[in-house]
Amino acid sequence: MTDILLEKGTLWKEIVRRTEHALSAGALLSIPTEYEFIEDSGVRFFVRILSALKRKADARKQQEKESVSGKRVNPFLPYEKNLFVADISETHVALLNKFNVVEHHLLIVTKEFEDQETLLTPDDFDALWACMAEYNGLGFYNGGEAAGASQPHKHLQMVPLPLAPEGPQIPIDSLLLSADLKGDIGAIPGFPFLHIFARLGNNIVMSPPDAALRTFELYRDMLQRAGMNRTGGKTIQKQTGPYCLLVTRQWMLIVPRSREFFESVSINSLGFAGALLVWNDRQMEMLKSSGPMTALRSVAIPV
């Protein structure tokens, strides 16, 4: 277990303080959105329309140009000082998401380079739960480009709950009530794609080190049940396929992925929580016509 450097009870205040600073410094480029709800398969999906995504697209194009030129393009080594929130542990740092759509979107980044397509380690879970214990949020990991990862440097992410301004904390909450479990692990009947779901103890967050150990062991078992390779521990191992991971204080979900896009819509881990992003009205209408659950099924592994 890595040593935790984050002082208890300080993270949320520091996120708010650093957000104000980063906005005033021009380092945080928050993207304004509008939103709609789409009812499908028992879920009220929360769908944002990104009205200023061009800034992020331009930034990605610039990174691609720099990559071709051979220049260093890793935004986390070094990271922008104005986006720094806190040292979480000996191995991880907390940064603000520069192009945030969700307010107070936190990145949990390895201090040394590790590839985003390597399996998570106990240190990753220690850092995640140090943050999860601070405030109620949804942790997630986009395991590889086909799972929606936009950067190759390993980073978990966390957004505050609730995800939407109305309704349940997480849009898929209604489906979780019917989860079919054997012990702590099972499946959600309403999901028409390969996935592994696990319940956590009610008070797991009370001891972040124990929560990290418990969820790491569950993560290993869930990967194996999903037909993927099982990590051995601290050793860095390449994953055998892309996947999305969601973690809350009550449950975990792993969804193996087949590709990133449904038509032209990029889907990351938040999509499987019931929160999607579209660029424009055309994509919104396409999503309404096809149905968000069909979109998720098409980028996962149908069953």
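First, a word on what this report is: a plain description of the structure on this page. From a predicted model like this one, the values you see are computed outputs, not experimental measurements.

Considering the packing of helix 3 (residues 122-132) against helix 5 (residues 208-225)
For step 1, the next point in the chain: Packing of helix 3 against helix 5 leaves a shortest axis separation of 8 Å and a crossing angle of 130 degrees. Viewed along their axes, helix 3 and helix 5 adopt a mutual orientation that is oblique. You can see that helix 3 and helix 5 cross each other, and the crossing is right-handed. Residues Pro122, Phe125, Asp126, Trp129 and Ala130 of helix 3 form the contact with helix 5, whose own contacting residues are Pro208, Ala211, Ala212, Thr215, Phe216 and Tyr219.
For step 2, the next point in the chain: Residue composition of the contact of helix 3 with helix 5, grouped by class: nine nonpolar, one polar and one charged.

A word on the nonpolar core
For step 1, the next point in the chain: Core analysis: the largest hydrophobic core is formed by 47 residues, its most contacted members being Leu106, Phe125, Trp129, Tyr219, Tyr243, Leu245 and Met252.
For step 2, the next point in the chain: Contacts of Tyr219, omitting those with residues within four sequence positions, involve Leu119, Leu120, Phe125, Thr231, Tyr243, Leu245, Met252 and Ile254.
For step 3, the next point in the chain: Core analysis: the next-biggest nonpolar cluster, separate from the first, contains 45 residues, Ala147, Leu176, Ile188 and Phe193 among them.

Concerning the sheet that holds strand 1 (residues 33-40)
For step 1, the next point in the chain: Across the sheet, which stays open at both edges, the three strands sit in the order 1-2-15 with mixed pairing between neighbours. At either end of the open sheet lies a strand with only one pairing partner, and these are strand 1 and strand 15 (275-278). The sheet shows a mean angle of 30 degrees between the axes of neighbouring strands, taken without regard to direction.
For step 2, the next point in the chain: In this sheet, strand 2 (residues 43-50) lies alongside strand 1 in antiparallel orientation, the contact comprising eight bridges. Residue pairing for strand 2: Asp40 is matched across the bridge by Val43.
For step 3, the next point in the chain: Sheet strands touched by helix 6 (residues 281-290): strand 1, strand 2 and strand 15. Its angle to strand 1, the strand with the most contacts, is close to 10 degrees.

Quick notes on the pattern of salt bridges
For step 1, the next point in the chain: Applying the stated criterion to the full structure yields 13 salt bridges.
For step 2, the next point in the chain: The residue Glu80 makes a salt bridge to Lys98 at a minimum N-O spacing of 2.9 Å. Of this pair, Glu80 sits in the loop between helix 2 (54-69) and strand 3 (84-87) while Lys98 sits in the loop between strand 4 (92-96) and strand 5 (106-110), placing them 18 residues apart in sequence.
For step 3, the next point in the chain: Accessibility expressed as a relative area gives 21% for Lys98, which makes it partly exposed.
For step 4, the next point in the chain: Note that Lys154 and Asp124 form a salt bridge whose closest N and O atoms lie 2.8 Å from each other. Here Lys154 is found in the loop between strand 6 (137-143) and strand 7 (155-160), whereas its partner Asp124 is found in helix 3, with 30 residues between them in sequence.
For step 5, the next point in the chain: Overall, the relative accessible area of 1% leaves Asp124 in the buried class.
For step 6, the next point in the chain: Three or more residues joined by partner-sharing salt bridges are found here, namely Glu36, Glu285 and Lys288.

The rules behind the values
- One numbering rule holds for all chains: residues counted from 1, following each sequence as written.
- Thresholds applied to this predicted model are a pLDDT of at least 70 for local features of residues and 80 or more for the giving and counting of side-chain atom pairs; totals over whole chains, interfaces and linings are not thresholded and use all residues.
- Hydrogen atoms and water are omitted, and side-chain values are computed over all heavy atoms in the structure.
- Each axis is a line fitted through C-alpha atoms, taken for helices only over the stretch in contact, and angles between the N-to-C directions span 0 to 180 degrees.
- Helical segments are the DSSP runs of H or I of at least four residues, strand segments are the runs of E of at least two, and each set is numbered from the N terminus.
- In this scheme, roughly parallel covers angles under 35 degrees and roughly antiparallel covers those over 145, while 65 to 115 is roughly perpendicular and the rest are oblique.
- A crossing counts as left-handed when the near helix is turned anticlockwise from the far one by less than a right angle, and as right-handed when that turn is clockwise.
- Pairs of residues are marked as contacts when any of their non-hydrogen atoms sit within 4.5 Å.
- Charged residues are taken to be Asp, Glu, Lys and Arg, nonpolar residues to be Ala, Val, Leu, Ile, Met, Phe, Trp, Tyr, Cys and Pro, and polar residues to be all remaining types, Gly included.
- The definition of a nonpolar core used throughout is a set of buried Ala, Val, Leu, Ile, Met, Phe, Trp, Tyr and Cys residues joined through side-chain atoms within 4.5 Å.
- Relative accessibility thresholds used throughout: buried, under 20% of the residue-type maximum; exposed, over 50%; partly exposed, between the two (1.4 Å probe, protein chains only).
- Here the rule is simple: two strands pair whenever DSSP picks up at least two bridges between them.
- Any Lys or Arg side-chain nitrogen found within 4 Å of a carboxyl oxygen on Asp or Glu counts as a salt bridge.

Nothing here speaks to function; it is geometry throughout.
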